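An overview of the molecular structure
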Amino acid sequence: MWNSPSEFFAMGGYALYVWSSFGICALVLLLEPLLVRVRFKAIVRRLKQEQLAEQFDKEIGK
Amino acid sequence: MNALLAIIRRDLLVVMRRKSEALTALFFFVVVTSLFPLGIGADAALLRKIAPGVLWVAALLSTLLGLHRMFAADYQDGSLEQLALSPQPMVLLVVGKIIAHWIVCGLPLVLLAPVIGIQFDLDVSSLYVLMGTLLLGTPVLSLVGSIGAALTLGVRGGSVLLSLLILPLYIPVLIFGAGAVYANSIGLDASGHFSLLGALLILALAFVPWVSSAAVKIAIE
Amino acid sequence: MSQVNNFSNHRLINWFKLSSPSTFYPVAGKLIPFFWVLTFVFGAAGLWISFFVAPVDAVQGQGYRIIFIHVPASWMSMFIYLVMAAWAGLGLIFNTRLSAMMAQALAPIGAWMAFLSLWTGAFWGKPMWGAWWVWDARLTSELILLFLYLGFIALRASIDDPRRADKASAILALVGVVNVPIIYFSVKWWNTLHQGASVSLTKAPAMAQTMLLGMLLMALCLWMYTVAVTLMRVRAIILEREAHADWVRQSIEVKS
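Reference entry: report on the structure contained in this document.

Definitions and cut-offs
- By convention here, each chain's residues receive numbers from 1 onward along its written sequence.
- For this description, chains carry letters from A and ligands carry numbers from 1, given in the order in which they are written.
- Selection of residues for local features in this predicted model requires a pLDDT of at least 70, selection of side-chain atom pairs for listing and counting requires 80 or more, and totals for whole chains, interfaces and linings are taken over all residues.
- We count a stretch as a helix when DSSP gives it H or I for four or more residues in a row; a strand needs E for two or more, and each element gets its number in order from the N terminus.
- Buried means a residue has 20 or more other C-beta atoms within 10 Å of its own C-beta, exposed means 12 or fewer, and partly exposed covers the counts in between; C-beta atoms are placed from the backbone.
- By the convention adopted here, residues make contact when the C-beta atoms placed from their backbones lie within 7 Å.
- Fitted lines through C-alpha atoms serve as axes, helices being fitted only where they are in contact, and the angles separating the N-to-C directions of these axes extend from 0 to 180 degrees.
- If an angle is under 35 degrees, it is roughly parallel; if it is over 145, roughly antiparallel; if it lies from 65 to 115, roughly perpendicular; otherwise it is oblique.
- Note: crossing handedness is left-handed where the near helix turns anticlockwise from the far helix by less than a right angle, and right-handed where it turns clockwise.
- When residue character is reported, Ala, Val, Leu, Ile, Met, Phe, Trp, Tyr, Cys and Pro are called nonpolar, Asp, Glu, Lys and Arg charged, and the others, Gly included, polar.
- Only buried residues count toward a nonpolar core: Ala, Val, Leu, Ile, Met, Phe, Trp, Tyr and Cys, linked into one set through C-beta atoms within 7 Å.
- Expected helix span is given by 1.5 Å per residue-to-residue step, counting one fewer step than there are residues.
- The arc in question is traced by the directions running from the helix axis to the C-beta atoms.

Regarding the overall build of chain C
From N to C terminus, chain C includes eight helices and zero strands. Seen in sequence order, chain C has helices and strands lined up from the N terminus as α-α-α-α-α-α-α-α. In chain C, which comprises 256 residues, the share counted as buried stands at 46%. Here the analysis covers contacts within chain C between residues at least 6 apart in sequence; of these, 78% occur between residues at least 24 apart.

In structure tokens form, the structure reads like this:
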């Protein structure tokens, strides 16, 4: 269908529109899971810190 | 029935003691409608064309102004909880408050809008249509608005959030209401719009009181 | 309720057992990679069809290929809203926290789908009909849907008590679901009344079989993606909201 890679990227003159559309989708769809991972790691880290703090308090309390 | 009238009377009395709040919403309506010619230009033909939309949007916005008052004052001083504990069903309480809100905010709009419509050079039959659509539409605005008012009780930034939540739900009323006036002004028949507005009103009357009372219960528990 | 997770030993799924955050958390964790695999498989197949199999359109040239991401995104934005409202409704009726957490987890991705639908719609409309924004019924309804999503997220965010936030946003979502058909109908009515743009983004090129297949595959890809990301997000939400629970503490200890 495509005679050359450059023809593919040119998209018959509609390159700006086609690639902006697919591009923004790729951007959003890739960023979302990364952001969720960041959120997940943050909560895990916070919970670990709380546990360490509790243990510390317990040892001090002895 | 007595309980319903009692609640309506009580809310109206509260408003009467602080008339300024109700009046400011009406002044807002007048001021906002005056802004459009100032912003767009005083060409009579253009004004006649935008009048239905402008008047209806202004009506929406001034209704929104008064909405948070529906439950907020009672919520803050604890009387909402007391009313919830009474033997009367919550639905009755909510319906009473909606009726009171409409009397204070909606009915004056119905009476005032034709006067503003004259400023926009609307013809007489369109003014009647305007009154009719507002008469059918403003109760829907009070009804649907009560859901938002109940959901945002006691929430930070409640009134702005209320507007954001409710405005998308107001869009069908806006479309049919303004559409009716516009259709009439260009000589088309507006009865289809009126039927749809009536349908929205019936739908709202059938469902909203129960939804709002559920929302109020969630807020006070 | 027993905290022991013996799900893996049973062939038969006890759905009510899954409604506890403690049992759902590990199940979700195991399912996530499976959905990512499906996402890539459907995505690869869909993109292949979109770019290398579907023929050039006579009228719109190569530009029409945006349809392969625009239409699936629109479908997903509406589908996710329904699912979100269903979970929220379940949470309201059965008073289960996990159902409300699922609704909470679905909202952001639904909003993004609506946004992508609008963006790709604009980038499709500009070369085809000369304007970045066309007030046609579908795009306008999509915009309103985005507002409904944002309202749901905003309401959740502004109520401090999580259970009250769950219930209030559930009511909002259910009211929204009932209103979406009404809004769509009224916007269509408005569109025909004012006969504004004579163009409509619904007038897509005549659907060849391959085009339909491409859109279907991309829609499946986005669906699997949504499930994967939502399961990831709900796990984070579960940890955040159930932080005080014993099973969370044990699970964190195991991690460290």
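Still to come is the rest of the account.
Side note on the packing of helix H2 (residues 19-40) of chain B against helix H6 (residues 90-119) of chain B
Residue and element names in this part refer to chain B. Where H2 contacts H6, the two axes come as close as 10 Å, and the packing angle between them is 30 degrees. When the axes of H2 and H6 are compared, the pair comes out roughly parallel. Between H2 and H6 lies a crossing of right-handed hand. Only Val104, Cys105, Pro108, Leu109, Leu112 and Ile116 of H6 make contact with H2, whose side of the interface consists of Ala22, Ala25, Leu26, Phe29, Val30 and Thr33. Of the residues belonging to the contact of H2 with H6, the class tally is 11 nonpolar, one polar and no charged.

Considering the nonpolar core
With 158 residues, the main nonpolar core has Val144(B), Ala215(B), Met84(C) and Ala103(C) as its most contacted residues. When residues in this core are grouped by element, the largest group, 19 residues, is from helix H7 (residues 209-241) of chain C. Excluding residues that lie within four positions of it along the chain, Ala215(B) makes contacts with Ile147(B), Ala150(B), Leu151(B), Ala168(C) and Ile171(C).

So, the arrangement of the chains
The protein chains that touch form two pairs of chains, and the pair with the most contacts between them is chains A and C. Regarding chain A and chain B, which are not in contact, the minimum distance between any of their C-alpha atoms is 25 Å.

A word on the interface of chain C and chain A
Each partner contributes to the interface: chain C provides 31 residues, whereas chain A provides 24 residues. Contributing elements (two or more residues each) for the side of chain C that touches chain A: helix H4 (97-129), H7 and helix H8 (246-255) of chain C. Here the element with the most residues in the side of chain C that touches chain A is H4(C); it accounts for nine residues. Residue composition of the side of chain C that touches chain A, by class: 18 nonpolar, five polar and eight charged.

Thoughts on unusual backbone geometry
If you check the backbone angles, Asp121(B) has positive phi at about 65 degrees while not being a glycine. Locating Asp121(B) in the fold gives a position in the loop between H6 and helix H7 (124-151). If you check the backbone angles, Asn95(C) has positive phi at about 60 degrees while not being a glycine. Residue classification places Asn95(C) among the exposed positions, given that 12 C-beta atoms sit within 10 Å.

Section: the interface of chain C and chain B
If you look at the interface, chain C gives 22 residues, while chain B gives 19 residues. Contributing elements (two or more residues each) for the side of chain C that touches chain B: helix H5 (137-158) and helix H6 (162-194) of chain C. Counting residues per element, the side of chain C that touches chain B draws most heavily on H6(C), which supplies 14 residues. Broken down by class, the residue content of the side of chain C that touches chain B amounts to 16 nonpolar, four polar and two charged.

Some points on the environment of Phe34(C)
Position of Phe34(C) among the secondary structure elements: in helix H2 (residues 21-53). Sequence-wise, Phe34(C) and Ala228(C) are 194 residues apart; in three dimensions their C-alpha atoms are separated by 8.3 Å.

So, H2(B)
One full turn of an α-helix is made of 3.6 residues, so residues set three or four places apart face in the same direction. All names here are of chain B. The end-to-end C-alpha distance of H2, which contains 22 residues, comes to 33 Å, matching closely the 32 Å that a straight helix rising 1.5 Å per residue would cover. The set of residues buried in H2 consists of Ala25, Phe29 and Thr33. Along the long axis of H2, the arc covered by the buried residues comes to 70 degrees, so they all point the same way. Facing away from the buried side of H2, by more than 90 degrees, are the exposed residues Lys19, Ser20, Phe27, Val31, Leu35, Leu38 and Gly39. Positive backbone phi, at 120 degrees, marks Gly41, one or two positions downstream of H2.

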